[in-house]
Amino acid sequence: MRLEILPVPGIGDVTEGDDLAALITGAAPWLRDHDVLVVTSKIVSKAEGRLVDVPADGPERLAERDRILAGETARVVATRGATRIVQTHHGFVMASAGIDASNVDKTRLVLLPVDPDASARELRAALRDRYGLDVAVIVSDTMGRPWRNGLTDVALGVAGMPAIRDHRGEVDPYGNELFVTQMAVVDELAAAGELIKGKCDQVPVAVIRGYLAATRDDDEGAGALVRDASMDLFSLGTAEARAAGLRAAATLPDRTGTEAADPVAVRRAIDAVGDVVAPGTRFTHVTDDEARAGLAATVPGWPASATGLLLGAAPTPVDPADLVRFGADLQRLRAALAAEGIDSTLLPPPSGSAASATLAL
């Protein structure tokens, strides 16, 4: 396979209502059947009127941007300072929901297309029906990647080709059957197109020639690239996942009641708060009877009628130093819960604080 990556200069500034098919064919009369057009999402958004007015600077601009970001967000994944990693209503996980302030007037922000797959299909149809061109279209945007520095372009929408090249069931040259290999080819093509489009060169469209021998419509589009939530092992940032674990730990059912806690949920919650306590402490979930029996046997004078203890952390056998350590660990856990703004019925704030309450033992 021999690929060519060709820039399409001369498109100029795109405004709401512009005909992208006409602009592209006017700037690239040399287009051929089976070319792949990589079109920056920004010009698609501009043509579709996906721009919002904001103040040019100051706190009012930040407040308005936050309001707009909230409207574009389906789920917050991680927050660090002013940075927001969110899942958009399309299903994409990206910084600031793809809201962009580059290559646009200072008093405007550009939002992602409402439906990038539909935008790609519409442009492909216009090029075919009006200009007789059978091409594939990729709508691309820039994203970061977890655990890797730097940005790259990826596909938000696609028409005329599948988003994924599925190698499952094929056999490699060594006779090994492939079971999981699925290549996100439209992301690879989007990144290749970005090599010649750049960010400051006003070249919003690239053409990749030689990859396709024929086009093929695929109804799933770039939606095939969005990982299902049930398969997402990293659905939250580290701090957010930890806070969720603390919430789960703070709202475990009261063991004085009749309903037993889900052991799987309990184990998950205990694992989530493991980093809060002193190194070496091992938390376990115990029943009231186990707690009473264990403490009555090891601590002189411990009341056999004590109820409500959910967490046991002391090694066996118990000595006063271990109990002091356990008490210190509970204080750390209370502080962590308070720092996360989590109300806990099981581990109230330390005695003497403004919101203090008595821990029932």
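In the block above lies the structure referred to throughout.
Definitions and cut-offs
Residues numbered from 1 in each chain as written. Predicted model: local features only at pLDDT ≥ 70, side-chain atom pairs only at ≥ 80, totals over all residues. Heavy atoms only, no water. Helix = DSSP H or I, 4+ residues; strand = E, 2+ residues; numbered from the N terminus. Buried < 20%, exposed > 50% of the residue type's maximum accessible area, 1.4 Å probe, protein only. Contact = heavy atoms within 4.5 Å. Areas by Shrake-Rupley, 256 points an atom, 1.4 Å probe, with all protein chains shown as cover. Phe/Tyr/Trp six-rings, centres within 6.5 Å; stacked < 30°, edge-to-face > 60°. Core = buried A, V, L, I, M, F, W, Y, C linked by side-chain atoms within 4.5 Å. Expected span 1.5 Å × (residues − 1). Arc of directions from axis to C-beta. Polar contact = N/O pair within 3.5 Å; in protein donor to acceptor, adjacent residues only side chain to side chain.

Draft legend 1. Examining the overall build of the chain more closely. Regarding its fold elements, the chain presents nine helices and 14 strands. Looking at the chain residue by residue over its 361 residues, the buried ones come to 39%. The long-range share in the chain, meaning contacts at least 24 apart out of those at least 6 apart in sequence, stands at 63%. Looking at the chain as shown, the accessible area adds up to about 20,000 Å², and 54% of this sits on carbon and sulfur atoms.

Draft legend 2. Here's a closer look at the packing of aromatic side chains. Throughout the structure, instances matching the rule amount to one aromatic pair. Plain terms: the ring middles of tryptophan 147 and phenylalanine 234 are 5.0 Å apart, the flat faces sit at 80° to each other, and that makes the pair edge-to-face. Taken together, the residues tryptophan 147 in the loop between strand S8 (136-145) and strand S9 (148-159) and phenylalanine 234 in the loop between strand S12 (205-209) and helix H6 (238-250) connect sequence positions 87 residues apart. Across this residue pair, the class does not change: tryptophan 147 and phenylalanine 234 are exposed.

Draft legend 3. View of the nonpolar core. Grouped together as the largest cluster of nonpolar side chains are 24 residues, with contacts concentrated most on Ile24, Leu37, Val39 and Leu123. Breaking this core down by element, the ones donating at least two residues are helix H1 (20-27), strand S2 (36-40), helix H2 (41-47), helix H4 (116-131), S8 and S12. A total of four residues in this core trace back to one element, the largest contributor, which is H4. Residues in contact with leucine 123, not counting those within four places in the same chain, are Leu20, Ala21, Ile24, Val39 and Val137. Counting 16 residues, the second-largest nonpolar core is a separate cluster that includes Ala136, Met161, Ala163 and Leu212.

Draft legend 4. Highlighting helix H3 (residues 58-72). For H3, built from 15 residues, the straight-helix expectation of 21 Å at 1.5 Å per residue is met to within 8% by its first-to-last C-alpha distance of 22 Å. Looking at H3, one finds that the buried residues are Arg61, Ile68, Leu69 and Glu72. Projected onto a plane normal to the axis of H3, the buried residues spread over an arc of 105° and lie on a single side. Opposite the buried face of H3, by more than 90 degrees, sit the exposed residues Pro59, Glu60, Arg67 and Ala70. At its buried positions, H3 is contacted by strand S3 (51-53), strand S4 (73-80), strand S5 (83-88) and strand S7 (108-110).

Draft legend 5. Main features of H1. Regarding H1, the residues found buried are Leu20, Ala21, Ile24 and Thr25. All buried residues of H1 project into a common sector of 120° when viewed along the axis, lining one side. Residues of H1 that are buried make contact with S2, H2, H4 and S12. Its side-chain oxygen at 3.1 Å from the backbone nitrogen of alanine 21, aspartate 19 defines the N-terminal cap of H1.

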